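Structural overview for review
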Amino acid sequence: MILSDLIDRPVRDAGGERLGVVVDVRFAMDRSDGRLLSTPRVFELIVSPRSSSSFLGYERTGVNAPALLARWFAWRERGSFLVLWEDLAALGEDAVTLREGAVRYSPRLAGTGD
């Protein structure tokens, strides 16, 4: 699978209810082996119930300019959430299914964009 296969894929809860679509993916770098460049791994998915496009950086809590755009993006992305990769039950051809009890986190990135 390539990353573009995951973007815009529907996301469903354990009961099959549609929650939205994958709009972004966040990666983690494991540098515990001491290497400067490590292999990235998928860590989180961002799911939007309304939009199928990226946040364009407006998920960063310090990004508030231009003000009109910042307010529009905040309105458009309301209800979006972040889910950890480990909370996925299945990654099918037609949808991503979350496991029972998957936690929905805020997609906001605190302390960035200041």
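Higher on the page you've got the structure.
Presented here is a report on the structure given in the accompanying data block. Just so we're clear, the structure is a prediction, and the values are computed from it rather than from any experiment.

Basis of the calculations
Residues numbered from 1 in each chain as written. Predicted model: local features only at pLDDT ≥ 70, side-chain atom pairs only at ≥ 80, totals over all residues. Heavy atoms only, no water. Pairing = 2+ DSSP bridges. Helix = DSSP H or I, 4+ residues; strand = E, 2+ residues; numbered from the N terminus. Core = buried A, V, L, I, M, F, W, Y, C linked by side-chain atoms within 4.5 Å. Buried < 20%, exposed > 50% of the residue type's maximum accessible area, 1.4 Å probe, protein only. Axes fitted to C-alpha atoms, helices over the stretch in contact; angles between N-to-C directions.

1. Looking at the pairing of strand β5 (residues 88–91)
Two elements, β5 and strand β6 (residues 96–98), share three bridges in a ladder whose sense is antiparallel. Paired with Ala-90 across the strands is Thr-97, a residue of β6. Between β5 and β6, which pair antiparallel one after the other, the connecting turn spans four residues.

2. A closer look at the nonpolar core
When a protein is soluble and globular, its nonpolar side chains tend to lie buried together. Core analysis: the largest hydrophobic core is formed by twelve residues, namely Leu-6, Val-11, Leu-19, Val-22, Val-25, Leu-45, Val-47, Phe-81, Val-83, Leu-88, Val-96 and Leu-98. Contributing elements (two or more residues each) for this core: β2 (18–29), β3 (40–48), β4 (81–84) and β6. It is β2 that contributes the most residues to this core, three residues altogether. With five residues, the next largest nonpolar core counts Val-23, Ile-46, Leu-82 and Leu-84 among its residues.

3. Quick word on the sheet that holds β4
A sheet is described by the order of its strands in space; here six strands give the open sequence β4-β3-β2-β1-β6-β5, paired in mixed fashion. One side of each edge strand has no neighbouring strand; the edge strands of this open sheet are β4 and β5. Neighbour-to-neighbour, the strand axes of the sheet open up by a mean angle of 35 degrees, direction not taken into account. Two strands pair when backbone bridges link them, and strand β1 (residues 10–12) and β6 are joined in this way by two bridges, in the parallel orientation. Paired with Val-11 across the two strands is Val-96, which belongs to β6.

4. Things to note about the environment of Ala-89
One can find Ala-89 in strand β5. Assessed through its relative accessible area of 54%, Ala-89 is described here as exposed. Sequence-wise, Ala-89 and Glu-100 are eleven residues apart; in three dimensions their C-alpha atoms are separated by 8.0 Å.

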